[in-house]
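Here is how the chains run, residue by residue.
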Amino acid sequence: MDLGLIGQQGSGKTTVFNAVTRGHASAGSFGGLEPSIGVVKQPDERLDRLCDLIKPKKVTFTEVRYLDFPGGLTVRDQSPSAAHLAALSQCDALVLIARAFRDDPTAEESFDGDSQIGEINLELAFADAAMLERRAQKLDISVRSARPGERDADEREQTLIQRLREALDRGEPLRAQPLTADERRTISGYQLLTNKPLVIMLNIDEGDIGRIDEIEAELTERWGGPGVQVGALCGKLEKELAELSDEEAAEFRADLGLETDGTARLLHLSQQALGLLTFYTVGEPEGRAWATPAGSTALDVAAKIHTDIARGFIRCETVGWQELLDCGSYAEARKRGQLRTEGKQYEVQDGDVLHILFNV
Ligand SMILES: Nc1nc2c(ncn2[C@@H]2O[C@H](COP(=O)(O)OP(=O)(O)OP(=O)(O)O)[C@@H](O)[C@H]2O)c(=O)[nH]1
Ligand SMILES: [Mg+2]
């Protein structure tokens, strides 16, 4: 999963990137567009506890990649570059960092997070509108040259595109549009930016961390919606905390009265925005967490683990992570009827520990 950081120039993208990836990318833009890429293992207390119990030889966490593009999406009122938009279109979700911190906490200057969020959303919508227009022109040509009877699919796509363009004109992001599974498939290849899950993170002043819950609630009310997750953090502070050991950071957080770990919160919101759930495979050789879209079946996730496992799928056994911990072993879980047998069409639940039996 790739998450692309976007925002205005100097909104704190690199600072947040360094905090979340515990990296050391340098702040500032250098004119180029090559993003810094950081891989983050998703901390997972459930997997930690399962592995304490089963003691596998190896532990594997799920990973996400963050891409930090230097500079703003718009620079001095110029439209985003085609290369920047193309790179973002390859991401699975976008993380918008809006600036609310001041350079000088005593100064009166203020940064309006809402107007930045509004402007970036508008840029993404412009990019999508341009993309849909290009697609509409191509379809016009292909409909005109097609034989009757071969036009149906193209004409359906034309109608769909018209509907999407109207939604953008009304200021609605495409992710909020009700679409059938077929329509979703049709547009998935376009990689439209307002159709991607979005995490909005307000980068607040250190002085405001006492009000973080209040700020998040306000933001969520204004910007929350389908496929959008909203949060706040203090990038500078999180970056400093990321340089400490876990114990020191926890102590520091407690002193500051900062209950939530901002980087963990960002990771969690990213996962929520992507609509992913986590399941586990825990055996002697390896304990592993996997992320999969909500609604995945046992057969879908078998294919994720290995194509052979999907091909030879016989059945699966599953137990909730908490139930397995309560029982203390697979054998005991089986005895108490907590370890259930399910088929290919079983819809995997968040927190399931799965064992797939297969034959190749
Ligand atoms: N006071 C304060 N300063 C911050 C915070 N986050 C970032 N900064 C400072 O703001 C400046 C810009 O931060 P960057 O992280 O480089 O911002 P950016 O969005 O990556 O900038 P570009 O890549 O140039 O667009 C740096 O001097 C940071 O130290 C914050 O939460 N509080
Ligand atoms: Mg930067």
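The written sequence of each chain sets the order in which its residues are numbered from 1. Labels follow written order: the first chain is A, the first ligand is 1, and so on. Residue-level local features of this predicted model are given only where pLDDT is at least 70; pairs of side-chain atoms are given and counted only at 80 or more, and the full residue set underlies all totals for whole chains, interfaces and linings. As a rule here, side-chain values come from all non-hydrogen atoms in the structure, and water together with hydrogens is ignored.

Asks: How should I be thinking about the layout of surface pockets in this particular structure?
Replies: Over the atoms rolls a probe the size of a water molecule, and its path tells where empty space is left. Here the largest pocket is characterised by a volume of approximately 630 Å³. Taken together, 19 residues form the lining of the largest pocket, with Asp92, Ser188, Asn195, Pro197 and Leu274 sitting closest to its centre. The numbering of helices and of strands both runs from the N terminus, where a helix is a DSSP run of H or I of at least 4 residues and a strand a run of E of at least 2. At 3 residues, helix α6 (residues 181–188) tops the list of elements feeding residues into the lining of the largest pocket. For this scheme, ten residues count as nonpolar: Ala, Val, Leu, Ile, Met, Phe, Trp, Tyr, Cys and Pro. Four count as charged, namely Asp, Glu, Lys and Arg, and the remainder, Gly too, count as polar. Tallied by class, residues from the lining of the largest pocket come to 9 nonpolar, 6 polar and 4 charged. Cavity and pocket criteria rest on a 1 Å grid covering protein atoms alone: a 1.4 Å probe that fits but cannot get out defines a cavity, protein on both sides within 12 Å along at least 5 of 7 lines defines an open pocket, and an atom within 4 Å of a point defines a lining residue. Grid points are joined across faces, edges and corners, and a volume is the space filled by probe spheres set on the points.

Asks: When you look at the sheet that holds strand β5 (residues 93–99) in this model, what are you seeing that I'm missing?
Replies: Consider a sheet: its strands pair through backbone hydrogen bonds, and that pairing is either parallel or antiparallel. Pairing is mixed in the open sheet, where 6 strands are placed in the order β2-β4-β1-β5-β6-β7. Each edge of the sheet is formed by a strand with only one pairing partner; in this case those strands are β2 (36–41) and β7 (228–233). Between one strand axis and the next, the sheet turns by 25° as a mean value, whatever way the strands run. The sheet contact formed by strand β6 (residues 198–203) and β7 spans 6 bridges and is parallel. For Val199, the partnering residue across the bridge sits in β7 and is Gln229. Whether two residues are in contact is decided by their heavy atoms, any of which lying within 4.5 Å being enough. Orientation is described by axes fitted as lines to C-alpha atoms, over the contacting stretch for helices, and by angles from 0 to 180 degrees between their N-to-C directions. Where helix α4 (residues 113–145) meets the sheet, it contacts β1 (2–7), β5 and β6, and its direction lies at approximately 145° from that of β5. We call two strands paired when DSSP finds no fewer than two bridges between them.

Asks: What exactly am I supposed to notice about the domain arrangement of the chain here?
Replies: Interface extent is often summarised as the accessible area lost during association of the parts. The split into domains, and so the bounds of each, comes from an automatic or database assignment of domains. Under the domain assignment used here, the chain contains domain 1 (1–43 + 63–274) and domain 2 (295–358). If you average the C-alpha positions of domain 1 and of domain 2, the two centres end up 34 Å apart.

Asks: I would appreciate a short explanation of α4 in the present structure.
Replies: At 3.6 residues per turn, the α-helix brings residues three or four places apart onto the same side. Compared with the 48 Å implied by 1.5 Å per residue over 33 residues, the 49 Å span of α4 between its first and last C-alpha is a close match. Pairs of N or O atoms within 3.5 Å make up the polar contacts considered here, provided that, within protein, one atom can donate a hydrogen while the other can accept it, and that residues adjacent in sequence are counted only when both atoms are side-chain atoms. At the N-terminal end of α4, a side-chain oxygen is found 3.0 Å from the backbone nitrogen of Asp114, two or three residues along, and the residue is Asp112. Each residue after the first adds 1.5 Å to the expected span of a helix.

Asks: What exactly am I supposed to notice about the packing of helix α5 (residues 152–169) against α6 here?
Replies: With their axes 11 Å apart at the nearest point, α5 and α6 run at an angle of 85° to one another. When the axis of α5 is compared with that of α6, the two are roughly perpendicular. Together, Glu157, Leu160, Arg163 and Leu164 of α5 and Glu183, Thr186 and Ile187 of α6 make up the contact between the two elements. For the contact of α5 with α6, the class distribution of residues is 3 nonpolar, 1 polar and 3 charged. If an angle is under 35 degrees, it is roughly parallel; if it is over 145, roughly antiparallel; if it lies from 65 to 115, roughly perpendicular; otherwise it is oblique.

Asks: Where do I start with the site of ligand 1 in this structure?
Replies: Being near a molecule or strand, for a residue, comes down to having at least one heavy atom within 4 Å of it. Neighbouring residues of ligand 1: 20 residues in total, closest Gly10, Lys13, Thr14, Thr15 and Asn203. Taking Lys13, its side chain carries an N or O atom lying 2.7 Å from an oxygen atom of ligand 1. To be clear on the numbers: accessible area is Shrake-Rupley with a 1.4 Å probe, and residue cover counts the displayed protein chains and nothing else. The fraction of the free accessible surface of ligand 1 (650 Å²) that becomes covered by protein chains is 80%. Going through the elements one at a time, α1 (13–21) and α8 (235–242) are the ones with two or more residues in the shell around ligand 1. Grouping the amino acids of the shell around ligand 1 by side-chain chemistry returns 5 nonpolar, 12 polar and 3 charged.

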